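Topology and contacts: notes
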Amino acid sequence: MRIYGGEHPNQQILSRIATNDGHGENSSYFDGWKAYENDPFHLTGNPKGVIQMGLAENQLSLDLIQDWLKKNPQASICTGEGVSEFEAIANFQDYHGLPAFRKAIAQFMEKVRGGRARFDPDRIVMSGGATGAQETIAFCLADPGEAFLIPTPYYPGFDRDFRWRTGVQLLPIHCHSSNKFKITQAALETAYRKARNSHVRVKGILVTNPSNPLGTTMDRETLRTLVSFVNEKRMHLVCDEIFSGTVFDKPRYVSVSEVIEDDPYCDRDLIHIAYSLSKDLGVPGFRVGVIYSYNDAVVSCARKMSSFGLVSTQTQHLLASMLGDEEFTTSFLATSRTRLCRRRRVFTEGLKRVGIHCLDGNAGLFCWMDLRPLLKEATVEAELRLWRVIINDVKLNISPGSSFHCSEPGWFRVCFANMDDTAMQIALSRIKKFVYRENDAAVQAKNKRRWDDALRLSLPRRFEDPTIMTPHLMSPHSPLVQAAT
Amino acid sequence: MSPTPSKKSADAAAAAATQARSSATGLGGGGGGAGMRLIVPLQGVVQGRGGLVLGTLIPCALFYFLQLYLRRNRSPPPTSPQPPAANGPDLPGIVRSSSRNFLSARGSSGHAAVSSRAASIARSGDSPYFVGTKKCSEDPYHPVDNPDGVIQLGLAENRLSLDLIGDWFARNVKDALLDEREGGLSISGLTTYQPFDGLVELKMAVAEFMGQVMQGSVSFDPSQIIMTSGATPALEILSFCLADAGNAFLVPSPYYPGYDRNIRWRAGIELIPVPCRGTDNFDLSIPALERAYNQAKMRGVKVRAVLFSNPSNPVGNLLHRETLRDILDFVTEKGIHVIVDEVFAGSIHGTEDFVSMAEVVNTDEFDRSRVHVVYGLSKDLSIPGFRIGLIYSFNEHVIAAASKLARFSSVSVPTQQLLISMLTDTKFITQYIKTNRERLRVMYALLVNGLKQLGVESVKSSGGFYCWMDMSKFMKSYSEKGELELWKEMLSVAKIHLTPGTACHCIEPGWFRLCFTTLTEKDVPVVLERIKRVVDNH
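As the structure is a prediction and not an experimental result, all values here were calculated from the model.

Looking only at helices and strands, chain A features 17 helices and 13 strands. Split into buried and exposed, the 485 residues of chain A put 60% on the buried side. Long-range contacts, defined as pairs at least 24 residues apart, comprise 75% of the intrachain contacts of chain A with a sequence gap of at least 6. Only carbon and sulfur atoms are counted for the fraction: they give 52% of the accessible area of chain A, which is about 19,200 Å².

Here we come to the pairing of strand β6 (residues 337-341) of chain B. Residue and element names in this part refer to chain B. Within β6, five of the five residues are buried, leaving the element largely enclosed by the surrounding structure. The alternating pattern of β6 places His337, Ile339 and Asp341 and Val338 and Val340 on opposite faces, both of which are buried. Bridging between strand β5 (residues 303-309) and β6 involves five bridges; their strand directions are parallel. Opposite serine 309, over in β6, you have aspartate 341 as the bridge partner. What joins β5 to β6 is helix α12 (residues 321-334), and the crossover it makes is right-handed.

This part takes up the packing of helix α17 (residues 480-494) of chain B against helix α18 (residues 523-537) of chain B. Residue and element names in this part refer to chain B. Two numbers describe how α17 lies on α18: the axes approach to 9 Å, and their chain directions differ by 125°. Taken together, the axes of α17 and α18 are oblique relative to one another. Regarding α17 and α18, the two cross each other, and that crossing is right-handed. In contact with Leu486, Glu489, Met490, Val493 and Ala494 of α17, α18 contributes Arg530, Ile531, Arg533, Val534 and Asn537. A breakdown of the residues in the contact of α17 with α18 according to their chemical character gives six nonpolar, one polar and three charged.

Let us now look at the sheet that holds strand β4 (residues 270-275) of chain B. Residue and element names in this part refer to chain B. With mixed pairing, seven strands are arranged side by side in an open sheet as β2-β8-β7-β6-β5-β3-β4. The sheet is open, and its two edges are formed by β2 (225-228) and β4, each paired on a single side. Adjacent strand axes in the sheet meet at a mean angle of 25° when their direction is disregarded. Relative to strand β8 (residues 389-393), strand β7 (residues 371-376) runs antiparallel, the two being bridged by five bridges. Bridge assignment links valine 373 to a residue of β8, and that residue is tyrosine 392. Against the sheet, helix α9 (residues 231-242) contacts β2, β3 (248-253), β5, β6, β7 and β8, and its axis sits at roughly 160° relative to β7.

As a further point, take the packing of α9 of chain B against helix α14 (residues 396-405) of chain B. Residue and element names in this part refer to chain B. Relative orientation of the contacting elements α9 and α14 amounts to 125°, with a least axis distance of 10 Å. By the angle class used here, α9 and α14 are oblique. Viewed along their axes, α9 and α14 form a crossing whose handedness is right-handed. In this structure, α9 contributes Ile237, Leu238, Phe240, Cys241 and Leu242 to the contact, and α14 contributes Val398, Ala401, Ala402 and Leu405.

With 87 residues of chain A in contact, the opposing surface of chain B contributes 93 residues. In total, chain A and chain B occlude about 7,600 Å² of area from one another, counting both sides; carbon and sulfur atoms represent 60% of this. Across the chain A-chain B interface, the total number found is two salt bridges. Measuring nitrogen to oxygen at the nearest pair gives 3.5 Å for the salt bridge that ties aspartate 244 of chain B to arginine 16 of chain A. In this assembly, chain A and chain B are joined by 20 residue pairs in polar contact (both at pLDDT 80 or more).

Take the confidence of the model for chain B next. Residue and element names in this part refer to chain B. The pLDDT averaged across chain B works out to 83; a share of 78% of its residues lies at or above 70. Predicted confidence in chain B is weakest over helix α1 (residues 7-24), with a mean pLDDT of 45, and strongest over β2, with 98. With pLDDT under 50 throughout, residues 75-109 is counted as low confidence; its partners more than four residues away or in other chains account for 56 contacts. Scored below 50 in pLDDT, residues 180-184 makes four contacts in the model with residues more than four places away or belonging to other chains. Note on the complex model: pTM 0.84, ipTM 0.87.

So, on to the packing of aromatic side chains. Under the definition given, this model contains 30 aromatic pairs over all chains. Between the aromatic rings of tyrosine 193 of chain B and phenylalanine 196 of chain B, the centroid separation amounts to 6.5 Å while the plane-to-plane angle is 80°, which identifies the pairing as edge-to-face. We classify phenylalanine 196 of chain B as buried; its relative accessible area is 18%. For the ring pair phenylalanine 428 of chain B and tyrosine 432 of chain B, a centre distance of 6.1 Å and an interplane angle of 40° mean the geometry is tilted. Residue phenylalanine 428 of chain B and its partner tyrosine 432 of chain B are located together in helix α16 (residues 426-453), separated by four residues, close to a single helical turn. With relative accessibility at 1%, the residue tyrosine 432 of chain B sits in the buried group. Every member of this aromatic cluster is reached through a ring pair, and the members are Phe86 of chain A together with Trp168, Phe169, Phe386, Phe428 and Tyr432 of chain B.

Let us look at a nonpolar patch on the surface. Residue and element names in this part refer to chain B. Taken together, the side chains of Phe63, Leu66, Tyr69 and Leu70 define a hydrophobic patch exposed on the protein surface, amounting to about 390 Å² of accessible area. With respect to the element layout, phenylalanine 63 can be found in helix α3 (residues 51-73). With a relative accessible area of 53%, phenylalanine 63 lands in the exposed category.

This brings us to unusual backbone geometry. Residue proline 210 of chain A is bonded to the preceding asparagine 209 of chain A through a cis peptide linkage, with omega at 0°. Secondary-structure assignment places proline 210 of chain A in the loop between β5 (202-208) and α9 (220-233). At the junction of asparagine 313 of chain B and proline 314 of chain B, the peptide bond is cis and its omega measures out at 15° in the coordinates. With respect to the element layout, proline 314 of chain B can be found in the loop between β5 and α12. Within the chain, histidine 199 of chain A stands out as a residue other than glycine whose phi angle is a positive 60°. Positive phi, normally seen in glycine, also occurs at histidine 405 of chain A, with a value near 65°. Inspection of the secondary structure puts histidine 405 of chain A in the loop between β12 (399-400) and β13 (411-415).

Another aspect to go through is the environment of arginine 163 of chain A. Residues and elements named next belong to chain A. Positionally, arginine 163 belongs in the loop between α7 (157-161) and β4 (169-173). Residue class for arginine 163 comes out partly exposed when judged on its relative accessible area of 36%. Distance in space between the C-alpha atoms of arginine 163 and asparagine 418 is 28 Å, their sequence separation being 255 residues. The residues touching arginine 163, leaving out its near neighbours within four places in the chain, are Phe158, Val168, Gln169 and Leu170.

This brings us to the environment of tyrosine 255 of chain B. All names here are of chain B. Along the polypeptide, tyrosine 255 turns up in the loop between β3 and α10 (258-264). With residues near it in sequence (within four places) discarded, tyrosine 255 still touches Asp260, Leu271, Pro273, Asn313, Pro314, Cys504 and His505. Here histidine 505 takes part through its side chain, which lies 3.3 Å from a polar atom of the side chain of tyrosine 255.

Attention now moves to the pairing of β2 of chain B. All names here are of chain B. Burial along β2 is two-sided: Ile225 and Met227 facing one way and Ile226 and Thr228 facing the other are all buried. The pairing of β2 with β8 spans four bridges and is antiparallel. Along β8, the bridge assignment pairs isoleucine 225 with tyrosine 392.

Let us now look at the pattern of salt bridges. All names here are of chain A. If you walk through the whole model with that rule in mind, you get 47 salt bridges over all chains. Here glutamate 241 makes a salt bridge to arginine 113, at a shortest N to O gap of 2.5 Å. Of this pair, glutamate 241 sits in the loop between β6 (236-240) and α10 (256-261) while arginine 113 sits in the loop between α5 (99-112) and β2 (124-128); the two residues are 128 residues apart in sequence, bridging distant segments of the chain. Across the pair, exposure class does not vary: glutamate 241 and arginine 113 are buried alike. Close ionic contact of aspartate 161 with arginine 160 constitutes a salt bridge, the shortest N to O distance being 2.8 Å. You can call aspartate 161 buried: its relative accessible area is 2%. Connected through shared salt-bridge partners, Arg116, Arg220, Arg252, Glu258 and Asp262 make up one network.

Rules used in this analysis
- Residues take numbers from 1 onward in each chain, read along the sequence in its written order.
- To read the labels, note that chains go from A and ligands from 1, taken in the order they are written.
- Local features in a predicted model are, by the rule used here, given only for residues with pLDDT of at least 70; side-chain atom pairs are given and counted only at 80 or more, and totals for whole chains, interfaces and linings are based on all residues.
- The basis for every side-chain value is the complete set of heavy atoms in the structure, and neither hydrogens nor water enter the calculation.
- Segments assigned H or I by DSSP are reported as helices when at least four residues long, segments assigned E as strands when at least two residues long, and all are numbered from the N terminus.
- Accessible area is worked out with a 1.4 Å probe on protein chains only. A residue is then buried under 20% of its type maximum, exposed over 50%, and partly exposed in between.
- By definition, residues are in contact when any of their heavy atoms lie within 4.5 Å.
- For every accessible area listed, the method is Shrake-Rupley and the probe measures 1.4 Å; residues are considered covered only by the protein chains on display.
- Strands are treated as partners if at least two bridges between them are detected by DSSP.
- Orient the strands so they point away from the viewer, and a crossover whose first-strand-to-second-strand path over the helix runs clockwise is right-handed.
- Angular values range over 0 to 180 degrees, each being the angle between N-to-C directions of two axes fitted as lines to C-alpha atoms, with helices fitted over their stretch in contact.
- Note on angle classes: values under 35 degrees are labelled roughly parallel, values over 145 roughly antiparallel, values of 65 to 115 roughly perpendicular, and the remainder oblique.
- Two helices cross in a left-handed way if the nearer one is turned anticlockwise from the farther one by less than a right angle. They cross in a right-handed way if the turn is clockwise.
- Residues are grouped as follows: Ala, Val, Leu, Ile, Met, Phe, Trp, Tyr, Cys and Pro are nonpolar; Asp, Glu, Lys and Arg are charged; all remaining types, including Gly, are polar.
- Buried area is understood as the total, over both parts, of accessible area removed when two parts are fitted together, assessed with a 1.4 Å probe.
- Here, a salt bridge means any Lys or Arg side-chain nitrogen found within 4 Å of an Asp or Glu carboxyl oxygen.
- Polar contacts here mean pairs of N or O atoms no more than 3.5 Å apart (in protein, one a potential hydrogen donor and the other a potential acceptor; neighbouring residues in sequence count only if both atoms are side-chain atoms).
- Every residue gets a pLDDT, meaning the predictor's confidence in that residue, from 0 to 100.
- We call Phe, Tyr and Trp rings a pair once their centres come within 6.5 Å, taking the six-membered ring for Trp, and we label the pair stacked below 30 degrees between planes, edge-to-face above 60, and tilted otherwise.
- Note on patches: the residues involved have over 30% relative accessible area and no salt bridge, like charges join within 9 Å, and the nonpolar side chains Val, Leu, Ile, Met, Phe, Trp and Tyr join within 5 Å.

Written out as C-alpha cells, the structure is:
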C-alpha cells in the first residue's frame, strides 16, 4: 500500500508545528550524524569509518547491569520466576506509577547525592525520558512567547525539547572561558535586563548541573546566586541533573536540592528538577524520565501530563527491583565513576601530549575540548570549517561549540563513554595525526610570511600555555612520535 | 482643539468622579446621597442643559471609573489545585471550557505563576471520572474480603483474557531479555538508544498483528507505522501534526472523555461535538456533521479534521462501510483530515463484521493522504501498563513529522523486545483473538440480559468493553442535574462507579457507560443486585 502525500499540496494542510524546523534536524550540525550513519566505524568491519564521539551515552558499565539482570530473573516479569506478578503489572495503568518504582527512584536520587538531600516518592512524576521531562516542565511553567534564561554553552536538544511544541523561548546567559564558563551575577542581570527591554516575560532559568557540554559541576556559590536571583525576581529555577550520578572527581557534587535544604528563605515552589536514568545508569532505551518539583501545583499538572509519556510498567517493575537493591546501586555508582574517571584521564592525557587542552572537568560523559589554537581566525565560520575537516578527513564525529550556542568559537564537545578502549586509542591516534599535519602546514605557511606579521594562523597570541606553543614553534617532528601513532 | 471645561463643569465632573471612585473602592454604602449627587448633573446632561462639555466629560469619566472598578474587583484565579472532597461524592460541574479560554495565571503578588495551562488544569478540579475512581480505590470491592465495597465499572480494563497472555509467557520462557545464544539479544540491544518511533521488527510484528485483528481484510505497511507509548500520545501527536492551536476537530458525541485531555490540553485544539441521538441508535449522520462544520465556519473557527472511534466508545456500535465512505467524501470535499480511533478493533463480540477505515480507503477513489488511524495494544491485548500505541498514516509528511515527535513518547525497548517475541507467535495470536472475542460475547450477553430483566435497556453493542445503558426513567428530572444525581446515587447507594453520559458529552441525559470486562461471571449477579437497589427506589 503506497503512501500518498505528493499529488495535492498537503504540506499546507498540516500544522505549523509539523512543518516548521522546531525539530532542529535541518541544521547543518546533523551533517556529522549523517557522515557517521553513512560510514560507521567498526573495529573489524569498517576500521576506517567515522567514530561516533557526538553521542553522550554511557556504555562503560553495561556489564554490571547485565550481571544483575542475570542474577535477578524475577525482576523481568517475562521469566518463569516473575510470571506470577505479570498480570497485575501488565494491567496497571495508574499514572502515579508503581509505588515501589517511585520509592526506588527517590532512594537512588538520594544515594547519588550522598544522602545530603531527601526526596519524597510522592513527588516523583514520570515522563518519556529526559526529553519528555523537559517538555512537560516547560508546558507547566510557561506560556507560548514567554522565556527561560539559559547559560551558554548548552545542550542543543533543549532548543527542541523546551521550545518546539510549547512555544517557549530560550534566551542565553553568556558565559566565557575567562572564568571557566561560570555563571556570574552580572551575566544573569544582563540577560534578564535584555529580555525585559524586549518586552519578553521571563518565567525562569534552566541550568544543567553537571553541565552538558562542559563536564563540570556547579559550585555552591553559583547555585546560591541562582537561588537568590530567582527568589528575588519571582521566577522558576529548573535544574537538569541528568548527569548527577557521573560525578567522578572533586569537587564533590552539590545539587540544588541540597542548597535549598540549607536555605529556609527560599520559596520552594520555584524549584524543579529534571532527571533520567539514561546517563547515570546507561539505559536510554528504557525511556525513564523523572520530574521532581517542590511545587504542588506543578506536581499535579505534570502528573496528569505524564499520560503522554508513562514508563512501561514492565520497566518500572524491573527498575524498582534493581534500584531497590542497595548493594547493587552502591557498587554500581562507585565502579561507574571509577571507569569514567579513568577513561577521561586517558583521553585528556592523550590530547595533552599533542598540545590540546580540555576544560578541567569532574563529571559527565564528555570533554570540552579547546581547539581555538587550530582556528585560522576566531570566527564561527572557521570553527565550522575545522569541524568539517575533522568529520571528513579525521573521521571523528564531534560536536562544534557553535551548536551549543557557545559565544567563543573553537570549542568542541567530545564524548568518550560510548566506546571501548581500543576505539578510544584509535580516536586518539587520529587526532594526533591530524594535529601534526596541521602543525606542518602552519610551519610551512609561516615560513612564507613576514616575521613581524600578526600571525593568526593556528596560534593566537593570547594563548600562552607553553604545552601548546612547544610543538608548533620549537620542536621538530620527531620520527619517534610518528611511529607511536 | 480640546475644550477647556468651565469651572462649574469641572466641579461637576470632579463630583461625579469622586462618587465613582468611592464606589470603586468597594464601599457599597451611601447609595442614596451619592446617587443624588450623580443624578443631578446627569439630569442636566439628559435634558440638554449641561452643555456639550458636560455631556461628553461626565459620561466619559463615569465610563472610565466603571472600567477601573470592574478591573479591580475581578478576583484572580487560584493557582493551587482544589482539595478533593472528604465525605461523599463530590459533584463539580463538568469541564467544558474552550481551549482558547486561557485566563490569566497571575496569582497574588509575590507568587511566581505557573503557566496558563497548568492553572486551568488545577482550576478545573476533578471530573466525576476521577472522583469516582478515587472512591473505588478507597473502598475497593472484593468478592471475599470486601463484598460491600465500591465496584469499579468506569475504567476500561480487560481482565477477561489476561490469563492467556500470562500463560503464553510462562510457556515461552527463554530468558527473552538476555538470550546469549547465537543470534540472541545482547544487553546493548535493550539499553541503548533506538529509533524513537519504534524498532523495525516491532513495526513489522505489529503490522502483521493488525492484519490478523482485521480478519485479513486489509494488510498494513510497517513503514506507515509510528510507535508511541500508548494510544493517548499517539492521538496527541497526530493532533499536533494536523492542526494549530485554536483550530477544531469535529467529534460525534457521545465520545470518550479522554479526548478532552488528549487534544485540548496541550495542543489547544477545540473539540466540537456533533450530537448523535438514541433514536438513531447513536449513528453518525452526515447532515449533522455538515451542520456542525458550517456553524464552526460562521463562528470563524477553522475545522481541520473529523475524529471518531470505531468501534465506538462509549456506545459500542460499529460504523457501516457506507458511512465510512460518506465520511471520506465529506472530508475530501471540505479539504480536511479524518482520524479514526480503532483501539477496540480486536474486541468485537457481536455478529457484525468490523470494517477498518484502512480497508475502505484501499481503493483509488479517495485521497488517502487525509486518513490517519490510531491504534494500540492496551485494549485488544490486555496490556495497558506496557504503553504500546501507534499512529498509522497514509500521509508521508505526517509520518515524517510524527516520527520526530515520537521522541517525547517512545516505547521502552525491553518492552518492544517482549512484544516482538509474542506477536510473532501468530498461532497463539489467532487463538487469543478468537478466545477473547468469545469471552467478551459471553460476558456481554450475561450482563445485558440481566439488565433487561431489571428494565434497563441498552444500545446493541458489537464491539468494545462497554454497555451503554439508558437509565433516564430512573432520573428525578430529565436533565443533566437529574443524571448527576442518579450517578451520585449509584455511587453511594448501589456502590458502583459508572461513567455518566455528560462526561462523554452526550446530548441526551440519562445514559450511563458500564465497563463489563473487569467482571467475572460470579460478579454479574452482584452488580445486577446493586443496580436493582437503585431501580427499586424509583
